[in-house]
Amino acid sequence: MSTTVDIFEEVEAQALRASIGSQSTKPILLALDIGSSGVRAAFFDDQGYEIDGAVRVGYGASANDFATFDAEALLERVAQTIDSLFAMSSPSPVRIELMAISCFWHSLVGVDVAGCATTPVLGWADSRARAEAYHLRSELDEATTHAHTGCRFHPSYWPAKLRRLRNEEPQVFRRTKSWLSFADYLTLHFFGKTATSVSMASGTGLLNQRTCNWDRELLEAAGITLDCLPVIAHPHQSFRNLTPAYEMRWPQLRDVHLFPAIGDGAANSIGSGCQTTERVTLMIGTSGAMRVCFMGDPPGRLPPELWCYRADRDRIAIGGALSDGGGLYRWLKESFLPAEDCAVIESELNLAPPDAHGLTVLPFWAGERSTNWNPDAYGAILGQSLKTNGIEILRAAMEAIAYRFALIARALEPFAPRASLIASGHALRSSPTWVQILADVLGCRVMLSELSEASMRGAALLALEAAGKIETIEAFSMPVETVFEPNTAHQAVYQQGLERQERTYKKLFT
């Protein structure tokens, strides 16, 4: 059973130096990135350049558990992050015109007639709806639904979550008037109204990706009606007029226009400069994803390994997601190397030969999404002996996650056959060794993005485009920081490791 994250633990708040220089000193936009492990906020100018650096506020010591969040506490944590941003700005901006939000995809929270939460915020890692995912697979044609919605039947999506709530928590289900993402819940409380973006809706598993409308067949299967869901925001829609309490708290936002939040994955691709099929993003934060984002329509047939969501009404994102990434790295480090210095760990990881530990790791501590979407897959470390040490376990897990990315890359290749690979995310920026492992496993050059806060920048660029401040986001690209070339000898060794992992997976889970 998942446990609600206590986000009233000690707050880690730090100012992060801006990754790129500003061409203007006048901030006009406030951007937020609400992730699985913390909230970030920064000011941007009218050309999408970050000003003065970002504020990051973490969720505390229990951040490894990101399955559920207390809705009111998370809302206040976002508000505190905005407070901190204004506090660190000297002088504080007099007036902010625009507000943009990148928020984790797939979250679900119920609200009653007064707008109060009836459930915790259920994240993608909340796996309690496993049985309902299997029931949906037996009742509906999953391949057809996958083609329409871009989503498989899986506990991370809304259809299975809603059915579990209806069956296991019927009083809560009946008391709920509306089902929202956390981004929509935030908008409701900050502005007194809400409408969801096609981007956030596309990550629910209930949206028809072609029509950009809620799928009525799936609503029936989930046991809800259309009036339980937020309306889909129209192009260029924004929210104005903060509720009185928040207007008093932030007079600088009195005239702000908030654009409906977009999914963090799409924002990350756009912020990394990956807006066409010429560039594929590989991101490792708490979780991991590999995706391509481009103008166009969803494909007629989507490989079963992949998902398809939307950045907006004109742009789609196709890719695969891993539930384990930096979150698993952190858990293993705290479990096996709690007293080791991070720099020492990185040095020892770098010195370790490829696949020399004798271990096979199945990296599903938070469950499996891509490539098999198995609700019953769990993490495993096989091949340990009395000589196995913590560095070997950590290195084996990093390699194992790279193997899963290799499987996603195979499925994604038809959509971006000649693309460059851009890596991003705090976990990769903190470990050049991991980036090199990825280059060796994938057998291709990997370019590490210079930008530390790509998701915020992506949300900011889309808002500036919607407001007419910039003509198109496609004109904006990002320089890379470091290029990692693959080692062909290591690639051959890792190929054997990948094949061993696949054989083990089939024995345990097929």
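What comes next is a walk through the structure. (Residues numbered from 1 in each chain as written. Predicted model: local features only at pLDDT ≥ 70, side-chain atom pairs only at ≥ 80, totals over all residues. Heavy atoms only, no water.)

1. Observations concerning the sheet that holds strand β22 (residues 446-449)
In spatial order, the strands read β17-β18-β16-β15-β21-β22-β23; together these 7 strands make up an open sheet with mixed pairing. Strand pairing shows two members of the sheet lacking a second neighbour, β17 (307-310) and β23 (480-484), which therefore form its edges. On average, each strand axis in the sheet is tilted by 30° relative to the strand beside it, whichever way the strands run. With 4 bridges connecting them, β22 and β23 associate as antiparallel partners. Counted as the bridge partner of S449 is V480 from β23. (Pairing = 2+ DSSP bridges. Helix = DSSP H or I, 4+ residues; strand = E, 2+ residues; numbered from the N terminus. Axes fitted to C-alpha atoms, helices over the stretch in contact; angles between N-to-C directions.)

2. Describing the packing of helix α10 (residues 264-271) against helix α16 (residues 454-466)
For any two helices packed against each other, the geometry comes down to the angle between their axes and how far apart the axes lie. The N-to-C vectors of α10 and α16 enclose an angle of 85°; their axes lie 6 Å apart at closest approach. Considering their axes alone, α10 and α16 lie roughly perpendicular with respect to each other. The residues of α16 that touch α10, namely those facing D264, A267, N268, I270 and G271, are A454, S455, R457, G458, A459, L461 and L462. Within the contact of α10 with α16, the residues separate by chemical class into 6 nonpolar, 4 polar and 2 charged. (Parallel < 35°, antiparallel > 145°, perpendicular 65-115°, else oblique. Contact = heavy atoms within 4.5 Å. Nonpolar A, V, L, I, M, F, W, Y, C, P; charged D, E, K, R; others polar.)

3. Examining the environment of G325
Take G325: it is sitting in the loop between β18 (315-322) and α11 (326-336). Considered as a pair, G325 and A366 are 41 residues apart in the sequence and their alpha carbons are 9.5 Å apart. Setting aside residues no more than four positions away along its own chain, G325 makes contact with I284, G285, T286, S287, I401 and W434.

4. Side note on helix α4 (residues 158-168)
Most of α4 is tucked away: 8 of the 11 residues are buried. When α4 is considered as a whole, its buried residues turn out to be W158, P159, A160, K161, L162, R163, R164 and L165. Contacts from the buried residues of α4 go to β9 (121-122), α2 (130-139), α5 (170-175), β10 (178-180) and α8 (216-222). (Buried < 20%, exposed > 50% of the residue type's maximum accessible area, 1.4 Å probe, protein only.)

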